[in-house]
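Observations on the model geometry
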Amino acid sequence: MSAVTTPVKRSPEARPASPETSAWSRWANAHRKWLFAAPAMLFVAVLIIFPVAWTGYLSLTDAEGSVRAESSFIGFQNYLDVLGDTDRFWPAVWRTALFTGVVLFFEVVLGMAIALLLWRPFRGEKWVRVAILLPLVATPVAVGMMWRLIFDPNIGMANQVLGWVGIDPQPWLSGQNSALPTTMFIDIWQWTPMVVLILLAGLTSLSDEPQEAALIDGASTWQRFRHVTLPLLMPTVIVAILLRGIDALKTFDILYATKGRGGGSFHEVETLNVYAYGLSFDYNDYGVSSTVLIIFFLIIIGVMWALTYRKKGLDR
Amino acid sequence: MKLRRPYKIFRTVALVLVVLALIAPLVWMVAASLKTNVDIYDTDKAFVFSPTMDNYSNVLQQANYIQFIGNSLWVALAATVLSLLLGVPAAYSMSRFNMKKSALVVLMARVIPGVSLLVPWYYVFSNLQMVGGFTVLILSHMFVSLPLIVYIMMGYFDGLPTELEEAALVDGLTHIGAFRRITLPLSVPGIATAGILSFIFSWNNFMFALVLSGADTKTLPVAIFDFVGYASIDWGGLMAAATVVTLPIMLIALFVQKYVVSGLTAGATKG
């Protein structure tokens, strides 16, 4: 590396072609901040603000049947109905919370374990990374179908494997109580790699010194993880929880692919998202579905706010 | 840091298990796609069977998959290109002028549940006679790709030094000229990352296409359901269809691994 800097000689010909100085060009340069940002913002705003406002309006009407059908204003009746519905709505809320909580827990714990395993260089690292990438980019609907075959009670590989170790066949997706845990398993299979990648990026950006200092002080492996690595990694963990949490709350593809409409015949995997989808596009019950969506929307905003608030607290 | 020998052995065993758990189901899917439906039902032929390409020829010829592959490609490509056109300048501006609140508007699209937008979209677009056409599909997929692109590119521009642009300004370029001739060429790796990830997510998107596509504009994730009948499932065909959807995107991801990983972890380490 030479540290000598040679002064650049500029000949008049080497200068860029004279800047366009038309009125438009001058205006564009002066207003480039909004000229650049506005199209994207407008696009998203139009596709969000109007729909959310309209969903809010629909939630106050008895709209039903066709999206173009006449509807009348009924105030907060839908909200009273939905919040008093212990048959479909509250179970769906409960399932959404359970699904999100359980998959987040396992994805973060397993993701952390795998990221720690991958942290220090080793032979064949490239192949492990390939394996981690494959579930992540696989089409979720196809993943759902794939597991549907593996978990088929009669011909599926899952029960065959259980048979080898002498465990009775399980109903998996077709069981009323086992369907939800099985879909959670599928989600964990597909998305733990995402947490691994995020945490691994965080781990590799940590410096080695605090680790080595702790080692010299005689800290055990667990102590080093608990008191050095984990606190330093916490902001990255929160990012992973935030990103995965948002998507887990909205899970649809895997549930629809494995159990179909309404989350199965007993609604055993019907989360809020699946419930709202069914109300909208299977039953065309737009008033009620809009109410459910507004409530769902508020829940998501609330969770987001709580998590970013917690994150800010950690940054300080 | 030095690693102790017992840990190394433990790590090797653990990683082999992890890799197996992640790969085996996919291998099983491909294996089933090469079996006849009779063999799939025969548990004795779980591992030893005579492979057949019948399911694939069925999927590609009779089930019209060639057309659906074309649809998926067209929708994902168009959504990606248009989102890049809108998203890259927006991300640049948001990064350079620190427009946090404006960025939030775009990133909101990542948070909102898609269903809550679909009813109004469906209403408007069916009134415009656009449901079932490509335009509405591409627009809805842009809704997925644009926030992704803005998010990735903002981080990328944040890490790009401003000195080069300033030098270009001194040399007589306009602000927009400096962006076009200096910043954009330097951003090619970032744009590649954003573009590839946007393509993958658009290709995999299911819910928007489920509602907004028509018989002729169906994308692959929706077309898979043709193999799920009310009474029975054509497992061989279904697994072949699932493989046809998943394989291209996996191959792309493998070839450009570096970009996919940096896109998926964008913004993660800054906290």
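Let me sum up the structure you'll find in this document. In this text, all values refer to a predicted model and were calculated from it rather than measured experimentally.

This part is about the overall build of chain A. Scanning chain A from N- to C-terminus turns up 13 helices and zero strands. Scaling as 2.2 N^0.38, a compact globule of 316 residues should have a C-alpha radius of gyration of about 20 Å, whereas chain A reaches 27 Å, well beyond that. The dimensions of chain A, computed from C-alpha atoms along their principal axes, are 75 × 65 × 40 Å. Across the 316 residues of chain A, 52% fall into the buried class. Put simply, of all contacts in chain A between residues at least 6 apart along the chain, 66% involve residues at least 24 apart. Looking at chain A as shown, the accessible area adds up to about 15,800 Å², and 64% of this sits on carbon and sulfur atoms. For chain A, the distance from the average site of its 24 positive side-chain charges to the average site of its 24 negative ones is 13 Å.

Taking 1.5 Å of rise per residue, the 27 residues of helix α2 (residues 32-58) of chain A would be expected to cover 39 Å, and the 38 Å separating its terminal C-alpha atoms lies within 8% of that figure. At Ala38 of chain A, α2 of chain A is bent by approximately 40 degrees, the largest bend along its length, and proline Pro39 of chain A sits one to four residues beyond.

Here we take up the packing of aromatic side chains. By the definition in use, this model includes 33 aromatic pairs over all chains. Here the aromatic rings of Tyr92 of chain B and Phe179 of chain B are separated by 4.4 Å at their centres, their planes lie at 45 degrees, and the arrangement is tilted. You can see Tyr92 of chain B sitting in helix α4 (residues 65-96) and its partner Phe179 of chain B sitting in helix α9 (residues 175-186), a full 87 residues away along the chain. The class of Tyr92 of chain B is buried, set by a relative accessible area of 4%. The exposure class assigned to Phe179 of chain B is buried, which follows from its relative accessible area of 6%. The structure contains a cluster of three or more aromatic residues connected by ring pairs, namely Phe252, Tyr256, Tyr277 and Phe281 of chain A together with Tyr122, Phe206 and Phe225 of chain B. In this arrangement the basic side chain of Arg120 of chain A is found over the ring face of Trp119 of chain A, its NZ or CZ atom lying 4.0 Å from the centre. Directly above the ring of Phe49 of chain B sits Lys35 of chain B, whose terminal nitrogen or CZ lies 5.0 Å from the centroid.

Quick look at the side chain of Asp85 of chain A now. Residues and elements named next belong to chain A. Relative to the elements of secondary structure, Asp85 occurs in the loop between α3 (77-83) and α4 (89-119). Salt bridges are absent for the buried Asp85, whose nearest opposite-charge side chain, Arg88, sits at 6.5 Å. Here Asp87 takes part through its backbone nitrogen, which lies 2.8 Å from a polar atom of the side chain of Asp85. For Asp85, the contacting residues outside a window of four places in its chain are Trp90 and Tyr275.

Taken together, the 94 residues of chain B in the interface contact 100 residues of chain A. In this structure, the connection of chain B to chain A is made through one salt bridge. The closest approach of N and O atoms between Arg110 of chain B and Asp247 of chain A, which form a salt bridge, is 3.2 Å. The interface formed by chain B and chain A includes 14 residue pairs in polar contact (both at pLDDT 80 or more). In terms of residues, the side of chain B that touches chain A owes the most to one element, helix α1 (residues 5-33) of chain B, which gives 15 residues. Looking at the side of chain B that touches chain A residue by residue, the classes come out as 74 nonpolar, 15 polar and five charged.

Further remarks concern the nonpolar core. A general tendency of soluble globular proteins is for nonpolar side chains to be buried together. Residues Leu118 of chain A together with Tyr65, Met94, Trp121, Phe143 and Val260 of chain B are the most contacted members of the largest nonpolar core, which totals 181 residues. Looking at which element gives the most residues to this core, the answer is helix α8 (residues 179-204) of chain A, with 15 residues. Beyond its immediate stretch of four places on either side in the chain, Met94 of chain B contacts Ala37 and Met41 of chain A together with Met99, Ser102, Ala103, Val106, Val150 and Met154 of chain B.

Here the focus is a nonpolar patch on the surface. A contiguous nonpolar patch, built from Val161, Trp164, Val165 and Ile167 of chain A together with Phe47 and Val48 of chain B and spanning about 660 Å² of accessible area, is present on the exposed surface. For Phe47 of chain B, the location among the structural elements is in the loop between α2 (37-41) and α3 (54-62).

Where helix α5 (residues 125-137) of chain A contacts α1 of chain B, the two axes come as close as 9 Å, and the packing angle between them is 40 degrees. Overall, the two elements α5 of chain A and α1 of chain B adopt an arrangement that is oblique. In the crossing of α5 of chain A with α1 of chain B, the sense of the turn from one axis to the other is left-handed. Facing Val128, Ala131, Ile132, Leu134 and Pro135 of chain A of α5 of chain A, the residues of α1 of chain B in contact are Leu15, Val19, Leu22, Ile23 and Leu26 of chain B. Residues belonging to the contact of α5 of chain A with α1 of chain B are distributed by class as follows: 10 nonpolar, no polar and no charged.

Let's shift gears to the pattern of salt bridges. All names here are of chain A. Applying the stated criterion across every chain yields a total of 10 salt bridges over all chains. In this structure, Glu270 and Arg88 form a salt bridge, with 2.8 Å as the shortest nitrogen-oxygen distance. With Glu270 in the loop between α11 (253-259) and α12 (272-282) and Arg88 in the loop between α3 and α4, the pair connects residues that are 182 residues apart, well separated along the chain. Arg88 matches Glu270 in its accessibility class, with the two residues each being buried.

This brings us to unusual backbone geometry. A positive phi angle, close to 55 degrees, is found at His267 of chain A, a residue other than glycine. Mapped onto the fold, His267 of chain A is located in the loop between α11 and α12. What makes His267 of chain A partly exposed here is its relative accessible area of 22%. Positioned with a positive phi, Gln129 of chain B is a non-glycine residue whose angle comes to about 60 degrees. One can find Gln129 of chain B in the loop between α6 (115-127) and α7 (134-158).

This part takes up the side chain of Thr217 of chain B. All names here are of chain B. The residue Thr217 is located in the loop between α11 (207-212) and α12 (220-223) in this model. Residue classification places Thr217 among the buried residues on the basis of a relative accessible area of 4%. One polar contact links the side chain of Thr217 to the main-chain amide nitrogen of Gly214, over a distance of 2.7 Å. Once you skip the residues sitting within four places of it in the chain, Thr217 turns out to touch Asn71, Gly132, Gly133, Phe134 and Leu137.

Analysis parameters
- Residues numbered from 1 in each chain as written.
- Chains lettered and ligands numbered in written order.
- Predicted model: local features only at pLDDT ≥ 70, side-chain atom pairs only at ≥ 80, totals over all residues.
- Heavy atoms only, no water.
- Helix = DSSP H or I, 4+ residues; strand = E, 2+ residues; numbered from the N terminus.
- Rg over C-alpha atoms; globule rule 2.2 N^0.38 Å.
- Buried < 20%, exposed > 50% of the residue type's maximum accessible area, 1.4 Å probe, protein only.
- Contact = heavy atoms within 4.5 Å.
- Areas by Shrake-Rupley, 256 points an atom, 1.4 Å probe, with all protein chains shown as cover.
- Lys, Arg positive; Asp, Glu negative; His and termini not counted.
- Charge placed at Lys NZ, Arg CZ, Asp CG, Glu CD.
- Expected span 1.5 Å × (residues − 1).
- Bend = angle between axes of the 7 residues up to and from the residue.
- Phe/Tyr/Trp six-rings, centres within 6.5 Å; stacked < 30°, edge-to-face > 60°.
- Lys NZ or Arg CZ within 6 Å of the ring centre and 35° of its normal.
- Salt bridge = Lys/Arg side-chain N within 4 Å of Asp/Glu carboxyl O.
- Polar contact = N/O pair within 3.5 Å; in protein donor to acceptor, adjacent residues only side chain to side chain.
- Nonpolar A, V, L, I, M, F, W, Y, C, P; charged D, E, K, R; others polar.
- Core = buried A, V, L, I, M, F, W, Y, C linked by side-chain atoms within 4.5 Å.
- Patch = residues over 30% accessible without salt bridge, like charges linked within 9 Å, V, L, I, M, F, W, Y side chains within 5 Å.
- Axes fitted to C-alpha atoms, helices over the stretch in contact; angles between N-to-C directions.
- Parallel < 35°, antiparallel > 145°, perpendicular 65-115°, else oblique.
- Left-handed = near helix turned anticlockwise from the far one by under 90°.

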